[in-house]
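# Residue-level structure breakdown
Chain residues, written in single-letter form:
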Amino acid sequence: MATQKISCLLFRSKKRKRDSKTNLELDELHLNLWDFDNKCTYLDFGLLIDVQNLKDESLLISVPGQYDTEDIEDLGDLLSSNYKIINAIFNEPIILTGEENSFIVMERGGIEIAIIPLFLDEIYAISYNNNTLCTEITINLEKIDINKAKKIYIRFRIKNASRSGLIKSFEPEDKEILSSNTKTKILDVRVNESRWLSPILNNSHQLVKFQKIHFFLTIDQEYELGDHSKNYNTSRSLREENIWKSYLSLEDDIIKDSLGYHWRTNHIENNISVENFSLLGRFSRIETSNTQIFKFLVFLFFIGLISNSGASLLVILFGFNNPENNQINFHNFFSNLFNLKSNYFQGNIIIMGVSIICLLGLKYGKKFLLNVLLIIKQGIKNIIGKIQKFLGGK
């Protein structure tokens, strides 16, 4: 089978029968993307499923990128031990009513929901599909034994979620020579986008349907939301919501400097199930630092040196330094070009050369300067070697 890279999140189920046209339907899908730049990027999945849909079903979740078991974190135990986190996730009061088969049971709107750990025996498996370049998480729903509760809730996290490509960063290529620059993030999330799937993928599994889909992005408050898709709902500050610090288990209190953005399915009040979902958001912020400002000032300094030296060289080459020559002609240029014994001329050449090397160093970094120094060092060695060989010959 040829490789077909999948860039969206896929939720599929194995067909009950070959001719079955009934899709597995989940009550709610919760997706939380926590993007804290270079510190961490998490992607949380929350699945609310009716118990009636557990029979003879297995759920297959495909996530772009390659992940290992160490990248998957079960959040079931965390939710079971802290009901405040449950209230924050569902954004409404939740009552803990007891246990069933060692599972914590909560009540939401008069309906009992059991919180199921993902790492329960025989319900969870992970593998990497080389054909789609996706990590596939399989949840065997038929292995979950629930009698009293009407629904189950499974929640887990994928660490290092930047590999999924759901959010990408862009910066100007010349940012090293600017006093400030604009950093842009593009949020592009697609769920069950089937139009690019091969017939083999479509025939082997059915796409899951959802009654509701909620997507939450948490990002530094310095980023400003620009263009966004129509299913964008709202945003809020997380400064007063200390519960998220314990939920994320982060040492740095970066959640206080973050904003939460919410997208959802448009017809959420009409109880119409959907098979696919997509959203888009463009975020940007202006970045600067003392180091970047210093580099910019150094850049201006060397530009000034180059301009001054260049003007001086033109004056010498065209003979403008001689009061008797008041016209531009190539005779002056070539006669002066082959008579370059002036220390003033050579000094300007050296200044221009060093300045250009330093400017390229600012643009391409220390690695470029080190390579230039190595070339100069090697050149000096060669010259010394030739001098020693010449003197030795005498």
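Please refer to the structure placed before this passage.
Notes on the structure follow. Just so it is clear, the model here is predicted, and its values are computed rather than measured. (Residues numbered from 1 in each chain as written. Predicted model: local features only at pLDDT ≥ 70, side-chain atom pairs only at ≥ 80, totals over all residues. Heavy atoms only, no water.)

So, on to the layout of surface pockets. Approximately 490 Å³ is the volume found for the largest pocket. When residues of the lining of the largest pocket are traced back to their parent elements, those giving at least two are strand 2 (25-35), helix 2 (83-90), strand 15 (209-220), strand 17 (232-237) and strand 18 (258-264). Taken together, the residues of the lining of the largest pocket break down into ten nonpolar, ten polar and eight charged. Computed from the structure, the second largest pocket encloses a volume of approximately 210 Å³. In terms of lining residues, the second largest pocket is bounded by 14 residues, among which S7, S164, G165, L166 and K168 are the most central. Sorting the residues of the lining of the second largest pocket by element identifies strand 12 (167-170) and strand 13 (181-191) as the ones contributing at least two each. Residue composition of the lining of the second largest pocket, by class: five nonpolar, four polar and five charged. (1 Å grid on protein atoms, 1.4 Å probe; cavity = no way out; pocket = protein on both sides within 12 Å on 5 of 7 lines; lining within 4 Å. Points joined across faces, edges and corners; volume = space filled by probe spheres on them. Helix = DSSP H or I, 4+ residues; strand = E, 2+ residues; numbered from the N terminus. Nonpolar A, V, L, I, M, F, W, Y, C, P; charged D, E, K, R; others polar.)

Residues of helix 2 that are buried: I85, I86, A88, I89 and F90. If you check the start of helix 2, you find a side-chain oxygen 3.1 Å away from the backbone N of K84, and it comes from N82. Of the residues trailing helix 2, N91 is marked for its positive phi of about 55 degrees. (Buried < 20%, exposed > 50% of the residue type's maximum accessible area, 1.4 Å probe, protein only. Polar contact = N/O pair within 3.5 Å; in protein donor to acceptor, adjacent residues only side chain to side chain.)

Strands in a sheet are paired, the pairing made by backbone hydrogen bonds, and the direction either parallel or antiparallel. Taken in spatial order, the four strands line up as 12-13-19-16 in an open sheet, and their pairing is antiparallel. Edge positions in the sheet fall to strand 12 and strand 16 (224-228), since each has one partner strand and no second. On average, each strand axis in the sheet is tilted by 25 degrees relative to the strand beside it, whichever way the strands run. As paired strands, strand 16 and strand 19 (residues 277-287) are joined by three bridges and run antiparallel to one another. (Pairing = 2+ DSSP bridges. Axes fitted to C-alpha atoms, helices over the stretch in contact; angles between N-to-C directions.)

Phi is positive for L133, close to 60 degrees, though the residue is something other than glycine. For L133, the location among the structural elements is in the loop between strand 9 (124-129) and strand 10 (134-140). On the basis of relative accessibility, which here comes to 29%, the residue L133 falls in the partly exposed class. We note that N192 has phi near 55 degrees; this positive angle belongs to a residue other than glycine. With respect to the helices and strands, the residue N192 is situated in the loop between strand 13 and helix 3 (199-204).

Glancing now at the pattern of salt bridges. With the rule as written, the count across this model stands at 18 salt bridges. As a salt-bridge pair, D35 and K185 come within 3.0 Å of each other at their nearest N and O atoms. In this pair, D35 is assigned in strand 2 and K185 in strand 13, connecting sequence segments 150 residues apart. The same class applies to D35 as to K185, namely buried. Among the salt bridges present, the one from K185 reaches D37, with a minimum N-O distance of 3.1 Å. (Salt bridge = Lys/Arg side-chain N within 4 Å of Asp/Glu carboxyl O.)

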